[in-house]
Amino acid sequence: MLLAITRGVSARLAEGELSFVAREPIDLALARTQHRRYVEALRALGCTVRELPADDDLADSVFVEDTAVVVDELAVVTRPGAPSRRGETASIAAALAAYRPLREILEPGTLDGGDVLVIGRRVFVGASARSNADGIAQLREALTPHGYRVQAVALRDCLHLKSAVTAVAADTVLVNPDWVDTRPFDAFRQIRIDPSEPHAANTLRLPQGLIQPACFPRTRQRLEAAGIVVTGVDLSELQKAEGAVTCCSLVFRTNHAA
């Protein structure tokens, strides 16, 4: 079973952390509608969804990806780089404990799940303002015994690694070369985003297709020309909170019921 863990949209979404986008008013009702449609897209593409309730005390808590890194053998509960987000991890750890043994990133390490891109046994980690060298080293220590190779990747001008590059097939990545050093991905076929759509590299790969924000039609054309099936989802209000399609779920395989 392919399980996706999601969490509802906090009433304080508009108060969340921002680094590389300007603060704009957010329509909370519309954000919740868009999130519901995102969950529907997950189900349509083969996921069983476990929905956790919104936490109105934690503005960014809808972005569950940043709280954990889940691989087949274990889940690593992160220590988010923004102090305001560290209260998000306890409830996610409790949910994940039903499916995986847990490890955790400890102080002084920081790590955001949005900085971690797993492709097979290769794990790329963005050396960002949210994920420090100690956090990356702790992740390496947790994953190396299970056969994973962890590699730090240099970023610029964006929040997380998966703002700049995501896997769209087993051998293919979608990349914004202005935001990330592409050399670590030389072993993969690289599709470049349309330059007019700098935020388009964040996609969520599922066995039955790819989820991408609907506002990037030119990059979608490039993906479809490469034979990749794309489902567009409108996430305009969550994007104002510096979110994207990978941010809103933790997706992994399990034999346990949701």
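Let me begin by describing the structure that accompanies this report. Everything numeric here is computed off the predicted structure, so don't read it as measured data.

Take the sheet that holds strand β12 (residues 204–206) next. Through backbone hydrogen bonds, the strands of a sheet pair up, either in parallel or in antiparallel fashion. The 3 strands are arranged β12-β13-β14 in an open sheet whose pairing can be described as mixed. At either end of the open sheet lies a strand with only one pairing partner, and these are β12 and β14 (230–233). Taken pair by pair, the neighbouring strands of this sheet meet at an average axis angle of 25°, ignoring direction. Two strands pair when backbone bridges link them, and strand β13 (residues 209–213) and β14 are joined in this way by 4 bridges, in the parallel orientation. Pairing of Leu210 across the sheet is with Val230, part of β14. Each of β12, β13 and β14 is contacted by helix α1 (residues 28–44), which is oriented at about 30° to β12, the strand it contacts most.

Once that is clear, we can look at the pairing of strand β1 (residues 2–7). Within β1, 6 of the 6 residues are buried, which leaves the element mostly enclosed by the surrounding structure. The two faces of β1 match: Leu2, Ala4 and Thr6 on one face and Leu3, Ile5 and Arg7 on the other face are all buried. Across 4 bridges, the pairing between β1 and strand β15 (residues 250–253) is antiparallel. Following the sheet pairing, Leu2 is matched in β15 by Arg253. Handedness of the β-α-β unit built from β1, α1 and strand β2 (residues 48–52) comes out right-handed.

Let's shift gears to α1. Relative to the 24 Å expected for 17 residues at 1.5 Å per residue, α1 spans 24 Å between its end C-alpha atoms, a close match to the ideal helical length. Taken as a whole, α1 has its buried residues at Ala31, Thr33, Gln34, His35, Tyr38, Val39, Ala41 and Leu42. Against β1, β2, β12, β13, β14 and α6 (236–240) lie the buried residues of α1. In this structure Asp27 caps α1, since a side-chain oxygen of it lies 3.2 Å from the backbone nitrogen of Ala29.

Thresholds applied
Residues numbered from 1 in each chain as written. Predicted model: local features only at pLDDT ≥ 70, side-chain atom pairs only at ≥ 80, totals over all residues. Heavy atoms only, no water. Pairing = 2+ DSSP bridges. Helix = DSSP H or I, 4+ residues; strand = E, 2+ residues; numbered from the N terminus. Axes fitted to C-alpha atoms, helices over the stretch in contact; angles between N-to-C directions. Contact = heavy atoms within 4.5 Å. Buried < 20%, exposed > 50% of the residue type's maximum accessible area, 1.4 Å probe, protein only. Right-handed = clockwise from strand over helix to strand, strands pointing away. Expected span 1.5 Å × (residues − 1). Polar contact = N/O pair within 3.5 Å; in protein donor to acceptor, adjacent residues only side chain to side chain.

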